[in-house]
Amino acid sequence: MRKLDPHTLLSALWLFILLNIIFRDIHQFLLKSHLEMLLTGHYNGTPITDELMLMGGFFALVIISMVLLSLLLERRWLRPVSAFGVIFTAGSAVMAPPTDLDDTLHFGVAFCALAAISWITWRWPDDQAMPARP
């Protein structure tokens, strides 16, 4: 397998998580029961409020930001920022655990990617030089 720069690999893993979440949500919207729930203004008994939508947007923004920050930040800054991103993303996923088999699959895949991000970030050697900039 080709060895990737850690910045590129981390960004790709965050993008993988983001696409996994998007696909899971699109997949849910195809279910009649899911759409009916959303049209009532409640999701699994929880009222869908503007504050809840804002919170969901913030959760997505953290992952979207991590795609870009993984490419831009130096290793010493990327370690704590990645730790925050992983904890925040995992915490928000645990707050809404999977309810069916396909959600469980996406949940497990996302957690494997989060574990890989943690592993790569914290095992990244101090002495690994960054590629030279033109």
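It should be emphasised that the depicted structure is a prediction, and the values quoted were computed from it without experimental measurement.

Regarding a nonpolar patch on the surface
Part 1 of the argument: Together, Ile48, Leu52, Met53, Met55 and Met95 make up a nonpolar patch on the protein surface, roughly 460 Å² of accessible area in all.
Part 2 of the argument: Relative to the helices and strands, Leu52 is located in helix α3 (residues 50–72).
Part 3 of the argument: Overall, Leu52 belongs to the partly exposed group, its relative accessible area being 31%.

Quick look at helix α5 (residues 101–123)
Part 1 of the argument: With 23 residues, α5 ought to run about 33 Å at 1.5 Å a step, and its terminal C-alpha atoms sit 33 Å apart, in line with that.
Part 2 of the argument: Along α5, the residues that are buried comprise Asp102, Asp103, His106, Ala110, Ala113, Leu114, Ile117, Ile120 and Thr121.

Looking at the packing of aromatic side chains
Part 1 of the argument: In the structure shown here, the tally under the stated rule is four aromatic pairs.
Part 2 of the argument: Each residue in the set Phe58, Phe59, Phe84 and Phe88 is aromatic and connected to the rest through ring pairs, giving one cluster.

Section: the nonpolar core
Part 1 of the argument: Core analysis: the largest hydrophobic core is formed by 16 residues, its most contacted members being Leu10, Trp14, Ile17, Leu114 and Ile117.
Part 2 of the argument: Taken together, the elements giving at least two residues each to this core come down to α1 (6–29), α3, α4 (75–95) and α5.
Part 3 of the argument: Of all the elements, α1 adds the most residues to this core, at five residues.
Part 4 of the argument: Once you skip the residues sitting within four places of it in the chain, Leu114 turns out to touch Trp14, Ile17, Val86, Thr89 and Ala90.

Conventions and cut-offs
Residue numbers here run from 1 along each chain, matching the order of that chain's written sequence. With pLDDT at 70 or above as the cut-off, local features in this predicted model cover only qualifying residues; side-chain atom pairs require 80 or more to be listed or tallied, and sums for whole chains, interfaces and linings still use all residues. Hydrogens are left out, water is left out, and the side-chain values use all remaining heavy atoms of the structure. Surface patches are defined over residues having more than 30% relative accessible area and no salt bridge, joining like charges when they lie within 9 Å and nonpolar side chains (Val, Leu, Ile, Met, Phe, Trp, Tyr) when within 5 Å. Per-residue accessibility takes into account occlusion by the displayed protein chains alone, with areas from the Shrake-Rupley method and a 1.4 Å probe. Salt bridge, as used here: a side-chain nitrogen of Lys or Arg that lies within 4 Å of a carboxyl oxygen of Asp or Glu. Each helix is a run of DSSP H or I of at least 4 residues and each strand a run of E of at least 2, with the numbering of both proceeding from the N terminus. Throughout, exposure labels follow a simple rule: accessible area from a 1.4 Å probe, protein chains only, divided by the maximum for the residue type, with under 20% read as buried, over 50% as exposed, and the rest as partly exposed. Residue count minus one, scaled by 1.5 Å, sets the expected span of a helix. Aromatic rings from Phe, Tyr and Trp, taking only the six-membered ring of Trp, are treated as a pair when their centres fall within 6.5 Å; an angle between ring planes under 30 degrees marks them as stacked, one over 60 as edge-to-face, and anything in between as tilted. Here, the term nonpolar core denotes a set of buried Ala, Val, Leu, Ile, Met, Phe, Trp, Tyr and Cys residues that are joined through side-chain atoms within 4.5 Å. It only takes one pair of heavy atoms within 4.5 Å for two residues to be counted as in contact.

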